[in-house]
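# Structural characterization, general
The primary structure of each chain is shown beneath.
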Amino acid sequence: MSAHSRREKISGYAFLAPWLIGFFLFTVFPLIYTFILSFNDVQLTIQGWETTGVGLANYTTVLLRNTEFVPGLIDFVLTELVYVSVILIISFILAMVLNRNLPFRLGFRLIFFLPVIILSGSVMTQLMESGTTQMVQQISDLFLLRIINAYSPLLADGLELLLENFIMILWFTGIPIILFLNVIQKIDPSVLEAARIDGASSWQILWKIIIPIVRPVALTASIFTIVQTGLFPINPVNEMMREASFNTATGLGIASTMSWIYSLVLLALIGIAFLLLRERKENRV
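Since the model is a prediction, treat every value here as computed from it, not as a measurement. (Residues numbered from 1 in each chain as written. Predicted model: local features only at pLDDT ≥ 70, side-chain atom pairs only at ≥ 80, totals over all residues. Heavy atoms only, no water.)

### Topic: the nonpolar core
- Phe69, Leu73 and Phe180 are the most contacted members of the largest nonpolar core, which has 41 residues in total.
- Where this core is concerned, the elements lending two or more residues are helix H2 (57-65), helix H3 (69-98), helix H9 (174-185), helix H10 (189-197), helix H11 (202-230), helix H12 (236-245) and helix H13 (252-277).
- If one sorts the elements of this core by residue count, H13 sits on top with 11 residues.
- Not counting the four nearest positions on each side in its chain, phenylalanine 180 is found in contact with Leu88, Ser91, Phe92, Ala95, Val214, Val217 and Ala218.
- Grouped together as the second largest cluster of nonpolar side chains are 13 residues, Ile90, Leu98, Met168 and Phe232 included. (Core = buried A, V, L, I, M, F, W, Y, C linked by side-chain atoms within 4.5 Å. Buried < 20%, exposed > 50% of the residue type's maximum accessible area, 1.4 Å probe, protein only. Helix = DSSP H or I, 4+ residues; strand = E, 2+ residues; numbered from the N terminus. Contact = heavy atoms within 4.5 Å.)

### Focus: the side chain of threonine 225
- Here threonine 225 is to be found in helix H11.
- Other than its neighbours up to four places away in sequence, threonine 225 contacts Glu80, Val84, Ile87 and Pro176.

### Examining the layout of surface pockets
- The calculated volume of the largest pocket comes to roughly 640 Å³.
- Considering the residues around the largest pocket, the lining is formed by 23 residues, among which Val84, Ser85, Leu88, Ile89 and Leu277 are closest to the centre.
- The set of elements that each furnish at least two residues to the lining of the largest pocket consists of H3, H11 and H13.
- Here the residues of the lining of the largest pocket sort into 19 nonpolar, 2 polar and 2 charged.
- Estimated volume of the second largest pocket: approximately 460 Å³.
- If you go around the second largest pocket, you meet 16 residues; those closest to its centre are Met96, Asn99, Leu192, Arg196 and Ile210.
- Elements that contribute at least two residues to the lining of the second largest pocket include exactly H3, H9, H10 and H11.
- Here the lining of the second largest pocket takes 5 residues from H11, the largest share from any one element.
- In terms of residue class, the lining of the second largest pocket is built from 11 nonpolar, 3 polar and 2 charged. (1 Å grid on protein atoms, 1.4 Å probe; cavity = no way out; pocket = protein on both sides within 12 Å on 5 of 7 lines; lining within 4 Å. Points joined across faces, edges and corners; volume = space filled by probe spheres on them. Nonpolar A, V, L, I, M, F, W, Y, C, P; charged D, E, K, R; others polar.)

### Some thoughts on the environment of isoleucine 177
- Along the chain, isoleucine 177 turns up in helix H9.
- Classification of isoleucine 177 by relative accessible area gives buried; the value is 3%.
- Counting along the chain gives 81 residues from isoleucine 177 to methionine 96, while the straight-line C-alpha distance between them is 9.1 Å.

Shown next as structure tokens:
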């Protein structure tokens, strides 16, 4: 290795050093320490924090004895499946529309991105408590949903969740719209023009050219959406982990166990998104 290459590598690591130090101190170390605490009973006593090894007892308690965590985790998974898929579809459609030469196009882009600026945990909590995030009240009484419920209760529950929180779903489309719009604008117009000359319809251009190009961005947008929606009050598991952290009776061991189970479920959802949206290599002879 030449002296110039060595200096470049040292400069690169020096540039990354502040981030790496913060990452290991505030992310890697707490993550490992939380995993260790999940196998211990951690209690606050007069002498301070006392740790006692209990093996898999915390996991047994959380998964089999706690009557709220597993149902809340299932609700979170179902919510993520509905939210992420709908957010990606709506974001892609809106990005396609906003890419066209429409009057006041910049104004519409600002409107869709504005929630990203003001969307915070406290703001979302106040909106949800006031009921402004729900588009229709008592939507389960709709005649159409009753018909769907007679054939598929699971599909009816998903549609009810979607329609009740449709406004909030639109609020989560800001960043995915920007991501989709960025890659759509970079598509070479000559490629689309060549496809039209060869006789391809707009539908064929969409499925054969545009969607394969935006697939990697869809994966990025899905991972971002999974993590983002998991941090907001729509996730019941967050409140359970917060309450367990301050519960002196159960200790930090139960809270650490909940956080690790939740993290594994979140990684599983990201893995599903990766398998569905990853770029596939075609077999060539």
